[in-house]
There are 2 protein chains.
Amino acid sequence: MNVNEAMELLKEKGYKHTGKREDMLHFFEKEKRYLSAKDVLECLQSEYPGMSFDTIYRNLSLFAELNILEETELEGEKRFRFSCSTTQHHHHLICLECGKTKHINSCPMDSIRQQFPDFQVTGHKFEIYGKCQDCNEITKVDSN
Amino acid sequence: MNVNEAMELLKEKGYKHTGKREDMLHFFEKEKRYLSAKDVLECLQSEYPGMSFDTIYRNLSLFAELNILEETELEGEKRFRFSCSTTQHHHHLICLECGKTKHINSCPMDSIRQQFPDFQVTGHKFEIYGKCQDCNEITKVDSN
DNA sequence: CTACATGCAAATTATTTGCACTTTT
DNA sequence: AAAAGTGCAAATAATTTGCATGTAG
């Protein structure tokens, strides 16, 4: 998924092309990590001073519904990231300092489904939290 | 972990023995599943008509801090369940209809840590959502 | 009688919604 | 124009906090 494909999808579905939408998507494409509504607002407010949370929230929900963004909930906040659904199903290591993510292609669900055939699985969440290599190095430097 | 052990732990740490705390713990022990603050309030209000959310929330946080309860976040709400930490590390299948849970002893983290030695893991979440066998059967009956 | 526990009311935080106005198409 | 997008202000909803009072040890 990239910004052009996303805008194309929006057009197909009858949603309009606005600068705010495009800029939101560009921000997500550039960051490649989970962002909160606040992150997005802060980024877009330089460009659009009157920009409000409502618009951010409405568009985030819309994008998530269309699978343009992946959604998760982290520390009591919804977070979104540009969808990597063109690649195979996967999970992430998430750095709690900088938000950077790393893909994990292996998914433990296959074996789980076999183990519990009576449980009808509708979804799952597998996320690993911690500190990425870069953030770890910064800490080391700081404490010297 | 059981209610007596939990009350013992509270006493050790200098927290007081109150009927509300004990009843909260009994409720968790009986239910063996993830419960929201609201669930707990509804249960305790019959016994303690004046019972307020504050007390529930304060005690839930306390119990979680002392590892008497396990905490997770599900559909925008914090949920707690009686801790099974005496048994080995594990995860759950969670029925979104009735809240019932099933243990999974296997944890995918061991292999993940090996795969990403540069990422300092501080936590992880692995939860499987769906419909348990009982709830599935109820649906079948309903639709007849 | 002292520290912890609780209720009340008010504050916080993230998110959603109704309504009037403004853009896209 | 018509449909969709947006800002504003107000409403929710879950959770937290300050303060005065109550209660267990």
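Everything here concerns the structure above.
Since we're looking at a predicted model, the values are computed, not measured.

Enquirer: Describe the protein's contact with DNA strand C, naming the residues involved and giving the relevant values.
Expert: Contacts to DNA strand C come from 20 residues, most closely from Asp54(A), Lys20(B), Arg21(B), Asp54(B) and Thr55(B). Among atoms of DNA strand C positioned within 4 Å of the protein, sugar and phosphate together represent 63%. Within the contact set of DNA strand C, a base oxygen lies 2.9 Å away from a side-chain nitrogen or oxygen of Lys16(A). At a separation of 2.8 Å, a phosphate oxygen of DNA strand C approaches a polar backbone atom of Lys78(A). Secondary-structure elements contributing two or more residues to the surface near DNA strand C are helix H4 (53-65) and strand E2 (77-82) of chain A together with helix H2 (19-31) and helix H4 (53-65) of chain B. Counting residues per element, the surface near DNA strand C draws most heavily on H4(B), at four residues.

Enquirer: Can you break down the sheet that holds strand E3 (residues 77-82) of chain B residue by residue, with the values?
Expert: The sheet built from three strands is open, its strands ordered E1-E3-E2 (chain B) with antiparallel pairing. Only two strands of the sheet have a single partner each, and these edge strands are strand E1 (35-36) and strand E2 (69-74) of chain B.

Enquirer: Before we move on, can you summarise the interface of chain A and chain B with the specific residues and values?
Expert: With 32 residues of chain A at the interface, the matching set in chain B holds 32 residues. Viewed at the interface, chain B and chain A are joined by zero salt bridges. Of all the secondary-structure elements, those providing two or more residues to the side of chain A that touches chain B are strand E3 (91-95), strand E4 (101-104), helix H5 (109-115), strand E5 (120-131) and helix H6 (133-142) of chain A. Residue contributions to the side of chain A that touches chain B peak at twelve residues, all from E5(A). Pairing geometry for E5(A) and strand E6 (residues 120-131) of chain B, over eleven bridges, is antiparallel. By the bridge assignment, Ile128(A) is partnered in E6(B) with His124(B).

Enquirer: Quick one: what's the story with the packing of aromatic side chains, residue by residue and with numbers?
Expert: One pass over the full model with this rule turns up five aromatic pairs over all chains. One residue, Arg81(A), lies across the ring of Tyr34(A), its end atom 5.9 Å from the ring centre.

Enquirer: Before we move on, can you summarise the relation of the copies chain A and chain B with the specific residues and values?
Expert: Expressed as a screw operation, the relation of chain A to chain B combines 0.0 Å of axial shift with a rotation of 180°, fitting to an RMSD of 0.0 Å. Taken together, the rotation and translation relating the two chain copies correspond to the operation of a two-fold axis. Relative to the rotation axis, the closest C-alpha in chain A is found at Phe126(A), a distance of 2.2 Å. Same-surface contact between copies: 100% of interface residues of chain A are shared with the interface of chain B.

The rules behind these values
Residues numbered from 1 in each chain as written. Chains lettered and ligands numbered in written order. Predicted model: local features only at pLDDT ≥ 70, side-chain atom pairs only at ≥ 80, totals over all residues. Heavy atoms only, no water. Near = heavy atom within 4 Å. Polar contact = N/O pair within 3.5 Å; in protein donor to acceptor, adjacent residues only side chain to side chain. Helix = DSSP H or I, 4+ residues; strand = E, 2+ residues; numbered from the N terminus. Pairing = 2+ DSSP bridges. Contact = heavy atoms within 4.5 Å. Salt bridge = Lys/Arg side-chain N within 4 Å of Asp/Glu carboxyl O. Phe/Tyr/Trp six-rings, centres within 6.5 Å; stacked < 30°, edge-to-face > 60°. Lys NZ or Arg CZ within 6 Å of the ring centre and 35° of its normal. Least-squares fit on C-alpha atoms with pLDDT ≥ 70 in both.

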